[in-house]
Amino acid sequence: EGMAAILDWLSFVPKDVRSLPPMHQPSAGDPWDRDVDFVPSKQPYDPRDFLRGTIGEDGSRLRGFFDTGSFIEYLEGWGQTVVIGRARLGGIPMGVIAVETRSVERFVPADPANPESSEVVEPQAGQVWFPDSAFKTAQALCDFNR
């Protein structure tokens, strides 16, 4: 599983600094000029549904912004108010940064070296860059710029 994740990530980056990123031909059922079927609601929603698509209430497939099956999120357990990943648009690799619209909870574990410490659960509002999500965004921008 770990090796597959590494190979998936490498499929988005050029083989060296002088090369272009590897481009893939989009499938016939997912043309580059397709419509985006997913429509965000006025209520907080999962931004991943917009990026990758989702299944509608009637069971039909709602296409997202990027090519079907191409969105790969990384660092999802950290800095949860921002969604970072890679995807393809018309077969062209892209870096993805999206804001989480829902509120999340940040867990800070107890310090095992301090018997008086305890686990802390911090609520974090959606659409806000906290220090951890701001650092995650900066790391992603540096990664995308290589």
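Up top is the structure.
Counting restarts for each chain, with residues numbered from 1 along the sequence as it is written. A pLDDT threshold of at least 70 governs which residues receive local features in this predicted model, and a stricter bar of 80 or more applies before side-chain atom pairs are shown or counted, although totals over entire chains, interfaces and linings include all residues. Side-chain measures were taken over the full set of non-hydrogen atoms in the model, leaving aside hydrogen atoms and water.

Engineer: Can you walk me through helix H3 (residues 131–144) in this structure?
Structural biologist: Owing to its 3.6 residues per turn, the α-helix aligns residues three or four sequence positions apart on the same side. Numbered from the N terminus, helices here are DSSP runs of H or I no shorter than four residues, and strands are runs of E no shorter than two. Expected span of a helix, by definition, is 1.5 Å for each gap between consecutive residues, and there is one gap fewer than residues. Between the first and last C-alpha of H3 there are 20 Å, a value that for 14 residues agrees with the 20 Å anticipated at 1.5 Å per step. Those residues of H3 not exposed but buried are Asp 132, Ser 133, Lys 136, Thr 137, Ala 140 and Asp 143. Angular distribution of buried residues about the axis of H3 spans 135°; they occupy a single face of the element. Where H3 is buried, its residues touch helix H1 (2–10), strand E4 (82–89), strand E5 (92–99), strand E6 (104–108) and strand E7 (120–124). Buried, partly exposed and exposed residues are distinguished by accessible area as a fraction of the type maximum, computed with a 1.4 Å probe on protein chains only: under 20%, between the cut-offs, and over 50%, respectively. The reported arc concerns the directions from the helix axis to the C-beta atoms and nothing else. Here a residue-residue contact requires only that any non-hydrogen atoms of the pair lie within 4.5 Å.

Engineer: Is there a simple way to think about the sheet that holds E5 in this case?
Structural biologist: Strand-to-strand pairing in sheets goes through backbone hydrogen bonds, with the strands running parallel or antiparallel. In spatial order, the strands read E3-E4-E5; together these three strands make up an open sheet with antiparallel pairing. Each edge of the open sheet carries a strand with a single partner, namely strand E3 (72–73) and E5. Two strands qualify as a pair provided that DSSP identifies no fewer than 2 bridges between them. Looking at chain direction, E3 and E4 are connected through two bridges and run antiparallel. The residue bridging Glu 73 from the neighbouring strand is Gly 85, located in E4.

Engineer: Sorry if this is basic, but what is going on with the packing of aromatic side chains here?
Structural biologist: Centres within 6.5 Å are what make two rings of Phe, Tyr or Trp a pair, Trp counting through its six-membered ring; a difference in plane orientation under 30 degrees is then read as stacked, over 60 as edge-to-face, and the rest as tilted. Counted according to the given criterion, the structure contains four aromatic pairs. Arranged with centres 5.7 Å apart and planes meeting at 25°, the rings of Phe 50 and Phe 65 form a pair that is stacked. With Phe 50 in helix H2 (residues 47–52) and Phe 65 in the loop between strand E2 (61–62) and E3, this residue pair connects regions lying 15 residues apart in the sequence. The exposure class of Phe 50 is partly exposed, given its relative accessible area of 28%. What makes Phe 65 partly exposed here is its relative accessible area of 33%.

Engineer: Explain the pattern of salt bridges here, please?
Structural biologist: If the charged atoms of two oppositely charged side chains come close together, the side chains can form a pair. The term salt bridge refers to a pairing of a side-chain nitrogen on Lys or Arg with a carboxyl oxygen on Asp or Glu at a separation within 4 Å. For the coordinates displayed, the defined rule picks out nine salt bridges. A salt bridge links Arg 34 to Asp 67, with the nearest nitrogen and oxygen atoms 3.4 Å apart. Highlighted residues: Arg 34 in the loop between H1 and H2 and Asp 67 in the loop between E2 and E3, separated in sequence by 33 residues. Given a relative accessible area of 12%, Arg 34 falls into the buried group. Residue classification places Asp 67 among the buried residues on the basis of a relative accessible area of 7%. Note that Arg 48 is salt-bridged to Glu 100, the shortest N-O span being 3.1 Å. Residue Arg 48 is located in helix H2, and its partner Glu 100 is located in the loop between E5 and E6; the two are separated by 52 residues in the primary sequence. A single burial state applies to Arg 48 and to Glu 100, both of which are buried.

Engineer: Can you walk me through the nonpolar core in this structure?
Structural biologist: As a rule of thumb, nonpolar side chains are buried together in soluble globular proteins. Here, nonpolar core means buried Ala, Val, Leu, Ile, Met, Phe, Trp, Tyr and Cys residues that are tied together by side-chain atoms lying within 4.5 Å of each other. Within the largest apolar cluster, seven residues are counted, these being Leu 51, Phe 66, Phe 71, Val 83, Ala 87, Val 96 and Ala 98. Ignoring any residue separated from it by four or fewer positions in sequence, one finds Phe 66 in contact with Arg 34, Leu 51, Ala 87, Arg 88, Leu 89, Met 94 and Val 96.

Engineer: How should the environment of Glu 100 be read in this particular structure?
Structural biologist: Residue Glu 100 is classed as buried on the basis of its relative accessible area of 2%. Separated by 26 residues in the primary sequence, Glu 100 and Gly 126 have C-alpha atoms spaced 5.5 Å apart. Side-chain atoms alone can form a polar contact between residues adjacent in sequence; in general such a contact is a pair of N or O atoms within 3.5 Å, and within protein one must be able to donate a hydrogen while the other accepts it. Side chain to side chain, Glu 100 and Arg 48 meet in a polar contact 3.1 Å long. A distance of 2.9 Å separates a polar atom in the side chain of Glu 100 from a polar atom in the side chain of Arg 102.

Engineer: Can you help me understand the layout of surface pockets in this one?
Structural biologist: Empty space left among the atoms is revealed by rolling a probe the size of a water molecule over them. Taken as a whole, the largest pocket spans an internal volume of roughly 260 Å³. Elements supplying a minimum of two residues to the lining of the largest pocket: E5 and H3. Broken down by element, the lining of the largest pocket gets its largest block of residues, three residues, from E5. For the lining of the largest pocket, a count of residues per class yields nine nonpolar, one polar and five charged. Cavities and pockets are defined on a 1 Å grid built over the protein atoms alone: a cavity is a set of grid points where a 1.4 Å probe fits but cannot escape, while a pocket is an open set with protein on both sides within 12 Å along at least five of seven lines, and lining residues are those with an atom within 4 Å of any such point. Grid points are joined across faces, edges and corners, and a volume is the space filled by probe spheres set on the points. Note on residue categories: nonpolar means Ala, Val, Leu, Ile, Met, Phe, Trp, Tyr, Cys or Pro, charged means Asp, Glu, Lys or Arg, and polar means any other residue, Gly included.

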